[in-house]
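A closer look at the structure
Letter by letter, the chains look like this.
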Amino acid sequence: DDYENKWFKKDISFLDKLIARKKVLIGILMHTANEVYYEGLPPTPPEFEKEKDDTIEENFKFKNFIYTSSCAIYGNQNVLPITEKNYPNPPSMYAAQKLYSENMVHLHLSHVGIPSTCLRLFNTYGIGQSQRGKYPNVLASLIKTYKEKNYVEITGDGTQTRDFVQVEDVVDALMDIDNGNHIFNVCSGREVSLNHLASIITDDIRYIPERKFDIYKQVASYDKINKHLGWQPTKNLEDEVIKVVGA
């Protein structure tokens, strides 16, 4: 078939069954309702925009929508600590997709009067985190290598820094969200080098070539979410990393 310069409208009534059975993930809405743009395609037909708004309004009856975004959208920043006022600088397609999704959440939900909050999670860790995938969480990657080889590997020289936040603190932030329209950093506010992180696990640290898209320094402020909701991190990194390694 000739797919060039055409729009295709697909039936998404299957969502009704998923919603009725309470097994639908809210995130599915954004993936099934978003259009994909390619050079040469005509503008989005107005009925597509109306259908998306109708789908949200008719099928999703909730008081607030929370989207878990990522600190990756900030990329490398000249001004630290990072606040929500820092201009996003996504260094990868993953980060760009997260920023795009934030915009789509606010855009489509504002059309139907549903408040939405985007939480920009910094490096989240905790017991049970996945060690699979091509690019696992930095702590998961260190632990995976340690358990397989009895040493850890760091990309670059290990002076890169990150802001680590424990998963229970993240859950507390999620539970504290009110019905306003917000963007919040969820972080520890503590700048930790990868060398220090690795040293909590073992003294045997080895170095491999850095990746081009790696962020060099990253630490953020949680002042905004603290002022609005009273949230602040409570977990100690060193204690929690030892628990994760031993799990």
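Computed from a predicted structure; not experimentally measured. (Residues numbered from 1 in each chain as written. Predicted model: local features only at pLDDT ≥ 70, side-chain atom pairs only at ≥ 80, totals over all residues. Heavy atoms only, no water.)

Examined against the element boundaries, L237 turns out to sit in helix α9 (residues 237–246). With a relative accessible area of 6%, L237 lands in the buried category. In this structure, the C-alpha to C-alpha distance between L237 and F164, residues 73 residues apart in sequence, is 7.5 Å. Every residue in contact with L237, bar those within four places of it in the chain, is listed here: Y125, F164, R190, V192, L197 and I200. (Helix = DSSP H or I, 4+ residues; strand = E, 2+ residues; numbered from the N terminus. Buried < 20%, exposed > 50% of the residue type's maximum accessible area, 1.4 Å probe, protein only. Contact = heavy atoms within 4.5 Å.)

This next bit is on the packing of helix α7 (residues 194–201) against α9. It is the contact of α7 with α9, at a shortest axis distance of 9 Å, that shows an interaxial angle of 50°. It follows from the interaxial angle that α7 and α9 lie oblique. By crossing handedness, the relation of α7 to α9 is classed as right-handed. Taking contact as the criterion, the partners of H196, L197, I200 and I201 in α7 are, on α9, L237, E238, V241, I242 and V245. (Axes fitted to C-alpha atoms, helices over the stretch in contact; angles between N-to-C directions. Parallel < 35°, antiparallel > 145°, perpendicular 65-115°, else oblique. Left-handed = near helix turned anticlockwise from the far one by under 90°.)

What follows covers the side chain of N123. Note on placement: N123 falls in strand β3 (residues 123–125). In contact with N123, not counting residues within four places along its chain, are C71, N137, V138, R162, D163, F164, V165 and Q218.

Let us look at α7. Three or more residues of α7 are buried, namely L194, L197, A198, I200 and I201. The arc that holds the buried residues of α7, viewed along the axis, is 150°, so those residues lie on one side. (Arc of directions from axis to C-beta.)

This part covers the nonpolar core. One finds L139, L142, F164, L197, I201, L237 and V241 to be the most contacted residues of the largest nonpolar core, which totals 17 residues. Those elements giving two or more residues to this core turn out to be α5 (138–149), β4 (152–155), α7 and α9. Ranked by size, the runner-up nonpolar core spans 11 residues in total, among them V170, V186, L229 and W231. (Core = buried A, V, L, I, M, F, W, Y, C linked by side-chain atoms within 4.5 Å.)

Before going further, it helps to examine the sheet that holds strand β1 (residues 65–70). One open sheet accounts for three strands, arranged β1-β2-β7; its pairing is parallel. At either end of the open sheet lies a strand with only one pairing partner, and these are β1 and β7 (182–186). The mean angle between the axes of side-by-side strands here comes to 25°, regardless of whether they run parallel or antiparallel. Bridge count between strand β2 (residues 116–121) and β7: five bridges; the pairing is parallel. Bridging across to β7, L121 finds its partner in V186. Here helix α4 (residues 93–111) sits on the sheet and contacts β1, β2 and β7; the angle it forms with β1, its principal contact strand, is near 160°. (Pairing = 2+ DSSP bridges.)

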